Amino acid sequence: MAANCVNNEEVAATIATERGATLCAPTRQRRTMTKNAYPIGTPGTAWGESERVQWLATQKPQRSYVEDVVKQIDALRQRFEVIEYGHLDYAAGGYRLYALKSQDWNDDLPCALVTGGVHGYETSGVHGALLFAAEHAQAFAGRVNLLIAPCVSPWAYEMIHRWNPGAVDPNRSFRPERPAPESAALMDLVAPLKGRFLLHIDLHETTDTDESEFRPALAARDGKPFEPGEIPDGFYLVDDTDNPQPAFQQAMIEAVTKVTHIAPADEHNQIIGSPVVSTGVIRYPFTALGLCASVTGARYTSTTEVYPDSPNATPAQCNDAQVAAVCAGLEYALAHPA
Ligand SMILES: [Zn+2]
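Here is what the cut-offs are and how they apply
- Residues numbered from 1 in each chain as written.
- Predicted model: local features only at pLDDT ≥ 70, side-chain atom pairs only at ≥ 80, totals over all residues.
- Helix = DSSP H or I, 4+ residues; strand = E, 2+ residues; numbered from the N terminus.
- Buried ≥ 20, exposed ≤ 12 C-beta atoms within 10 Å, placed from the backbone.
- Contact = placed C-beta atoms within 7 Å.
- Core = buried A, V, L, I, M, F, W, Y, C linked by C-beta atoms within 7 Å.
- Pairing = 2+ DSSP bridges.
- Axes fitted to C-alpha atoms, helices over the stretch in contact; angles between N-to-C directions.
- Parallel < 35°, antiparallel > 145°, perpendicular 65-115°, else oblique.
- Left-handed = near helix turned anticlockwise from the far one by under 90°.

1. Examining the environment of Ala-92
Link 1 in the chain: Within the fold, Ala-92 resides in the loop between strand E1 (80-90) and strand E2 (93-102).
Link 2 in the chain: For Ala-92, a count of 15 C-beta atoms within 10 Å translates into the label partly exposed.
Link 3 in the chain: Separated by 31 residues in sequence, Ala-92 and Pro-61 have C-alpha atoms that sit 8.4 Å apart.
Link 4 in the chain: The contacts of Ala-92, once residues within four sequence positions are left out, are Pro-61 and Trp-155.

In structure tokens:
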């Protein structure tokens, strides 16, 4: 259930959309709840420092970045150059940021970036990127220079959260003001290669907790009313409004269809409040929103959205869906370089 509701009509509306809405989606036009149910802050007032501290105190580690991610990266040192591209110093501990780089890097080839864990709680983004590196990257050797950052926001991976400890969303922070160190470190990693990227795929999930926790938290943080939405059941992609590449997106959708189901449009022909432009594809303005997928300026860019809470998708399928999207996207981009 999304939140405390104030009358029966709202209760019914919320139950009707219980499986439904968040994410990576900033805007949505839905019913407006008359009461901010989030336990931190004052309805209608944006959080200040004390509310952020209060929120941070509720965050506890639930899994280990070193055990789950760094050890897998270490196991790939024979096949990739491992770059430590940044370091985060938080009260919970220090986090080394790693990227995997093709060993046979060739300046005559185009570059491709794969990112996961920009939202740390979106598990298949992290493990899909690692699976691609371990089992599929070799198929692209000699054709493209790969740069893979599997877990951009490791503190949030451990806490199973969207934000960093400052209650800042890294996937709204790829902007000149550099409000999140996680995002700033990745910006610095790719900056020397700007203009040379053919492709960037940023791996995400849309989860039930988006609607039950993260969208209410966002509304509370910003002093705005929480507007219930719907979580789509299935995989979808977000293309760039300012650089749409419909054939590229469709090639990825077709590949993922063989692994898991694609999210249907809702009764408004939308997914998370945005018009569906083709099967399983919506568009966001990447740069204006400060999204990670804007970081390279590549011709081919996409944000994947796996739905891990579907009764019809296992964790392995979620990882495989991420890999299928990356592989199909790379094949399409390499076949259509200009
Ligand atoms: Zn996300």
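2. With respect to the nonpolar core
The nonpolar side chains of soluble globular proteins are, as a tendency, buried together.
Link 1 in the chain: Counting 81 residues, the largest nonpolar core has Ala-112, Phe-132, Ile-148, Leu-198 and Leu-199 as its most contacted members.
Link 2 in the chain: No other element matches helix H10 (residues 315-335), which puts 10 residues into this core.
Link 3 in the chain: If near-sequence neighbours (up to four positions away) are discounted, Ala-112 is found in contact with Val-144, Leu-146, Phe-197, Leu-198, Leu-199 and Leu-330.
Link 4 in the chain: Judged by nonpolar contacts, the second largest core, of 6 residues, contains Tyr-38, Ala-217, Leu-218 and Phe-226.

3. Considering the environment of Ala-184
Link 1 in the chain: Relative to the assigned elements, Ala-184 resides in helix H6 (residues 181-190).
Link 2 in the chain: Sequence-wise, Ala-184 and Ser-173 are 11 residues apart; in three dimensions their C-alpha atoms are separated by 8.0 Å.

4. Some thoughts on the sheet that holds strand E5 (residues 197-205)
Link 1 in the chain: Strand order in this open sheet of 8 strands is E1-E2-E4-E3-E5-E10-E6-E9, and the pairing throughout is mixed. Two strands lie at the open edges of the sheet, namely E1 and strand E9 (281-284), each paired on one side alone. Put simply, the sheet's adjacent strands are angled 20° from each other on average, direction ignored.
Link 2 in the chain: As paired strands, strand E3 (residues 111-116) and E5 are joined by 6 bridges and run parallel to one another.

5. With respect to the packing of helix H4 (residues 123-135) against H10
Link 1 in the chain: Closest axis-to-axis distance for the H4/H10 pair is 8 Å, and the angle between their directions is 60°. Judged by the angle between their axes, H4 and H10 are oblique. Viewed along their axes, H4 and H10 form a crossing whose handedness is right-handed. Taken together, the residues of H10 that come into contact with H4 (itself represented by Ser-124, Gly-125, His-127, Gly-128, Leu-131 and Phe-132) are Pro-315, Cys-318, Asn-319, Gln-322, Val-323 and Val-326.

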